[in-house]
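Secondary and tertiary structure notes
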Amino acid sequence: LPDAARRRQTRLNVATSLRDAGFGIQGNADATDFTLTTCPIVAAARENTDVVCAVHLGLVKGLLEGSGVPEDGVVLVPFAAPGMCTLHLPSAAAT
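In this report, the structure presented in the accompanying data block is examined. (Residues numbered from 1 in each chain as written. Predicted model: local features only at pLDDT ≥ 70, side-chain atom pairs only at ≥ 80, totals over all residues. Heavy atoms only, no water.)

**Quick notes on the packing of helix H1 (residues 3–20) against helix H3 (residues 49–64)**
At their nearest, the axes of H1 and H3 sit 10 Å apart, and the two run at 140 degrees to each other. Taken together, H1 and H3 sit at an angle that is classed as oblique. The two elements H1 and H3 cross, and the hand of that crossing is right-handed. In this structure, H1 uses Thr10, Val14, Ser17 and Leu18 to contact H3, whose residues at the interface are Leu59, Val60, Leu63 and Leu64. Tallied by class, the residues present in the contact of H1 with H3 amount to six nonpolar, two polar and no charged. (Axes fitted to C-alpha atoms, helices over the stretch in contact; angles between N-to-C directions. Helix = DSSP H or I, 4+ residues; strand = E, 2+ residues; numbered from the N terminus. Parallel < 35°, antiparallel > 145°, perpendicular 65-115°, else oblique. Left-handed = near helix turned anticlockwise from the far one by under 90°. Contact = heavy atoms within 4.5 Å. Nonpolar A, V, L, I, M, F, W, Y, C, P; charged D, E, K, R; others polar.)

**Observations concerning the nonpolar core**
Counting 18 residues, the largest nonpolar core has Leu18, Phe34, Leu36, Val60, Leu64, Leu87 and Leu89 as its most contacted members. Breaking this core down by element, the ones donating at least two residues are H1, strand S2 (33–38), H3 and strand S4 (84–88). When residues no more than four places from it in sequence are discounted, the contact partners of Leu87 are Leu18, Thr32, Asp33, Phe34, Val60, Val74, Val75 and Leu76. (Core = buried A, V, L, I, M, F, W, Y, C linked by side-chain atoms within 4.5 Å. Buried < 20%, exposed > 50% of the residue type's maximum accessible area, 1.4 Å probe, protein only.)

**Topic: H1**
Note on helix geometry: an α-helix contains 3.6 residues per turn, so any two residues three or four positions apart are oriented the same way. In this model H1 runs 25 Å from its N-terminal to its C-terminal C-alpha over 18 residues, within 8% of the 26 Å that 1.5 Å per residue would give. By the burial criterion, the buried members of H1 are Arg7, Thr10, Arg11, Val14, Ala15 and Leu18. Seen along its axis, H1 keeps its buried residues to an arc of 140 degrees; they face one direction. At its buried positions, H1 is contacted by strand S1 (24–27), S2, H3 and S4. Following H1 by one or two positions, Gly22 has its phi on the positive side, about 110 degrees. (Expected span 1.5 Å × (residues − 1). Arc of directions from axis to C-beta.)

**Description of the pattern of salt bridges**
Counted by the stated rule, this structure contains one salt bridge. Asp3 is the salt-bridge partner of Arg6, the closest N and O atoms lying 2.5 Å from each other. One end of the pair, Arg6, and the other, Asp3, are both in helix H1, three residues apart, so they sit about a helical turn from each other. On the accessibility criterion, Arg6 (39% relative accessible area) is partly exposed. (Salt bridge = Lys/Arg side-chain N within 4 Å of Asp/Glu carboxyl O.)

**Remarks on the sheet that holds S1**
Across the sheet, which stays open at both edges, the four strands sit in the order S1-S2-S4-S3 with antiparallel pairing between neighbours. With one partner strand each, in any of the chains shown, S1 and strand S3 (75–81) form the two edges of the open sheet. Neighbour-to-neighbour, the strand axes of the sheet open up by a mean angle of 25 degrees, direction not taken into account. Relative to S4, S2 is paired through four bridges, and the arrangement is antiparallel. By the bridge assignment, Asp33 is partnered in S4 with His88. Of the strands in this sheet, S3 and S4 touch H3, which is tilted by about 135 degrees from S3. (Pairing = 2+ DSSP bridges.)

Structure, rendered in structure tokens:
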């Protein structure tokens, strides 16, 4: 696979892992922007957003480790809309 296709597959694998962990997730065709529609521990996330969401961000970065998708470009916005979070995974290669 070309590098861009491999990075896209990595991003899709992250989405699958989050879905398997109990998240509701919807993404764009490039697998760079996602809406997390449900969280497996939303009650805890509402009470301790900084802690819970930092753990989820760490999970995503861990899934990307060594993949060529830069971990420092990952952005998780807790409760970006009522009951939903957004997740951005970079499309560019790590430099």
